[in-house]
Amino acid sequence: MEAGKKNCSYCAEVIMAEAILCKHCQSDLRQKIRIPPGWPIPSENKMGRVGKIVVGLTVAITLYLAVGFYVSNTSQDKESMQAREAAEQCREEIDSYSGPAVGKSIIAEVCRKLEDDLRKGLSRVP
Ligand SMILES: [Zn+2]
């Protein structure tokens, strides 16, 4: 490779080492960390990520408490219906969650526990 030149990390064409924008593929070369697909957009700051985790946790805990309330306050038929609804809602929550992976896995974990508890709760009823 010629001195003062480098390969574009996106299209692999030879470009000036000082280039901040690839002349071949127009990629922004200032961004050194490449974000793997599926990650939150890079412009998101750390507070935003933490905020999303908190929101995710709040949703998960609210769902958990809401279902606990239903389990202890409804008849068996209603209870199993509510249980299915809650589990469905929980899965929808995971699907629509756009925050970092850690927040998603926390919600998924709570959903699993929730479904476990529901199954146990239902099997206790004679
Ligand atoms: Zn390029």
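Because the structure is a prediction, the values reported are computed rather than measured.

Participant: An account of the coordination of the zinc ion is requested, with residue identities and associated values reported.
Facilitator: Tetrahedral coordination by four donors places them ideally at 109.5 degrees to one another around the metal; octahedral coordination by six donors ideally gives 90 or 180 degrees. Protein coordination at the zinc ion: the donors are Cys8 (SG), Cys11 (SG), Cys22 (SG) and Cys25 (SG), at 2.2 to 2.4 Å from the metal. Every donor counted, the four donor atoms about the zinc ion form angles of 106 to 114 degrees at the centre, which fits tetrahedral coordination. Motif for the zinc ion, donor spacing along one chain: C-x2-C-x10-C-x2-C.

Participant: How would you sum up a nonpolar patch on the surface? Please name residues and give values.
Facilitator: A cluster of nonpolar side chains, Leu57, Ile61, Tyr64 and Leu65, forms an exposed patch at the surface whose accessible area comes to about 360 Å². Positionally, leucine 65 belongs in helix 1 (residues 46-73). Under the relative-accessibility criterion, leucine 65 is labelled exposed at 57%.

Participant: Just give me the short version of a negative patch on the surface, but keep the residues and values in it.
Facilitator: On the surface, a cluster of negative charge is contributed by Glu85, Glu88, Glu92 and Asp95. The residue glutamate 88 is located in helix 2 (residues 76-96) in this model. Residue classification places glutamate 88 among the partly exposed positions, given a relative accessible area of 46%.

Participant: How would you explain unusual backbone geometry if you had to name every residue and give the values?
Facilitator: Despite not being glycine, alanine 12 has its phi angle at roughly 70 degrees, a positive value. In this fold, alanine 12 is placed in the loop between strand 1 (5-7) and strand 2 (14-16). A residue is classified by how much of its surface remains accessible, and alanine 12, at 49% relative accessible area, is partly exposed. For glutamine 26, which is not glycine, the phi dihedral falls at a positive 65 degrees. Within the fold, glutamine 26 resides in the loop between strand 2 and helix 1.

Cut-offs applied
Throughout this document, residue positions are counted from 1 along each chain, in the order its sequence is written. Whole-chain, interface and lining totals are the exception, using all residues; otherwise, since this is a predicted model, local features are given only for residues with pLDDT of at least 70 and side-chain atom pairs are given and counted only at 80 or more. Excluding hydrogens and water, the side-chain figures rest on all heavy atoms present in the structure. Only N, O and S atoms count as donors, using a 2.8 Å limit from the metal and a wider 3.2 Å limit for Na, K and Ca, and since water is excluded some coordination spheres may look unfilled. All geometry calls rest on donor angles, where a four-donor set with angles between 85 and 135 degrees is tetrahedral, four- and six-donor sets with opposite donors more than 155 degrees apart and all others between 65 and 115 are square planar and octahedral, and all else is irregular. Patches here are clusters of residues that have more than 30% relative accessible area and form no salt bridge, with a 9 Å joining cutoff for like charges and a 5 Å cutoff for nonpolar side chains (Val, Leu, Ile, Met, Phe, Trp, Tyr). To be clear on the numbers: accessible area is Shrake-Rupley with a 1.4 Å probe, and residue cover counts the displayed protein chains and nothing else. Salt bridge, as applied in this entry: a Lys or Arg side-chain nitrogen positioned within 4 Å of an Asp or Glu carboxyl oxygen. Runs of E in the DSSP output that reach at least two residues are strands. Runs of H or I that reach at least four are helices, and both are numbered from the N terminus. Buried, partly exposed and exposed residues are distinguished by accessible area as a fraction of the type maximum, computed with a 1.4 Å probe on protein chains only: under 20%, between the cut-offs, and over 50%, respectively. A residue counts as positive if it is Lys or Arg and as negative if it is Asp or Glu; His and the chain ends are not included. For charged residues, the charge sits on one atom: NZ in Lys, CZ in Arg, CG in Asp, CD in Glu.

Fair warning: the whole summary comes from geometry, so function is off the table for now.
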